[in-house]
Amino acid sequence: NTFSFTLQLVVSVGFALTVLFGMARWTGLLPSLPFWFILLPSWFSHVGLFWCHLMSAKALSTFIAEANDSRQRPDSRDHLDRSEYLPLLQRSLKFGLKTGLLSFGIFILEILIYIRLARGTVSLAVVLIPIWIIVGGGILDGIICKTQNLIRVICWMLVFAAMVLTCMKVDHGYDQIRWRVVVSPIVTVLSISSATLIY
């Protein structure tokens, strides 16, 4: 619980500051704010996430070592087998690996966004490479591994469609694609998410 709270706090503060600085530049309140300064809080968030992962791995290692030591004592009342701790270890490793990969992917995305905004030498399709990988992995996981329900797979496909339409309009100049068509898959995903939460 402590790790989860710290994780949410670190991510929330960093990304909220980045959004705040970005809106300040976009609205003209601080038009000369450099892009690296806007993204700096998010980058610090990734450093904080990495530190949280290290601390959680250390805590998990300490817990398993203490459990093993207490079981080996003659007066121990812990009769749990070693396999009893495997589900905990597997869940912890899965959660840590998933959040670590997502954090790394978002960090690469932010660097590519910075390069595009500051230099303009990278296309939007290249900027979105980490998101392509995440969304493609979500679709394949839902279809092949069947670990997700149908609604989640549909949401992944809608996000993929929105990304394709955005790249076609921005990178290739398809003016016949209106912005409302580009945004409609995202609106659908948000509507499905809202309906699920209300339900």
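See the structure above.
This section reports on the structure supplied with the text.

Parameters at a glance
Residues numbered from 1 in each chain as written. Predicted model: local features only at pLDDT ≥ 70, side-chain atom pairs only at ≥ 80, totals over all residues. Heavy atoms only, no water. Helix = DSSP H or I, 4+ residues; strand = E, 2+ residues; numbered from the N terminus. Expected span 1.5 Å × (residues − 1). Bend = angle between axes of the 7 residues up to and from the residue. Buried < 20%, exposed > 50% of the residue type's maximum accessible area, 1.4 Å probe, protein only. Contact = heavy atoms within 4.5 Å. Phe/Tyr/Trp six-rings, centres within 6.5 Å; stacked < 30°, edge-to-face > 60°. Lys NZ or Arg CZ within 6 Å of the ring centre and 35° of its normal.

1. Looking at helix α7 (residues 179-198)
- In a regular helix each residue adds 1.5 Å, so 20 residues correspond to 28 Å; α7 covers 28 Å between its end C-alpha atoms and thus fits that length.
- The axis of α7 is deflected most strongly, by about 30°, at P185.
- Buried within α7 we find V182, P185 and V189.
- Elements in contact with the buried residues of α7: α6 (150-172).

2. Overview of the packing of aromatic side chains
- For the coordinates displayed, the defined rule picks out four aromatic pairs.
- Seen in terms of ring centroids, W43 and Y114 are 6.1 Å apart; in terms of plane orientation they differ by 80°. Their pairing is edge-to-face. With W43 in helix α2 (residues 35-72) and Y114 in helix α3 (residues 86-119), this pair connects stretches of sequence that are 71 residues apart.
- Judged by centre distance (5.5 Å) and plane angle (75°), the ring pair of W132 and F160 falls under edge-to-face. Note that W132 is positioned in helix α5 (residues 129-145) and F160 in helix α6, a separation of 28 residues in sequence.
- Assessed through its relative accessible area of 22%, W132 is described here as partly exposed.
- The class for F160 is partly exposed, based on a relative accessible area of 36%.
- Here the basic side chain of R25 rests over the ring of F35, its NZ or CZ set 4.0 Å away from the ring centre.

3. Structural notes on α6
- Over its 23 residues, α6 extends 32 Å from the first C-alpha to the last, a length consistent with the 33 Å expected when each residue adds 1.5 Å.
- Of all the residues in α6, the buried ones are V153, C155, A162, M163, L165, T166, C167 and K169.
- Buried residues belonging to α6 abut α4 (124-127), α5 and α7.
- A positive backbone phi angle near 65° is found at G173, which sits one or two residues after α6.

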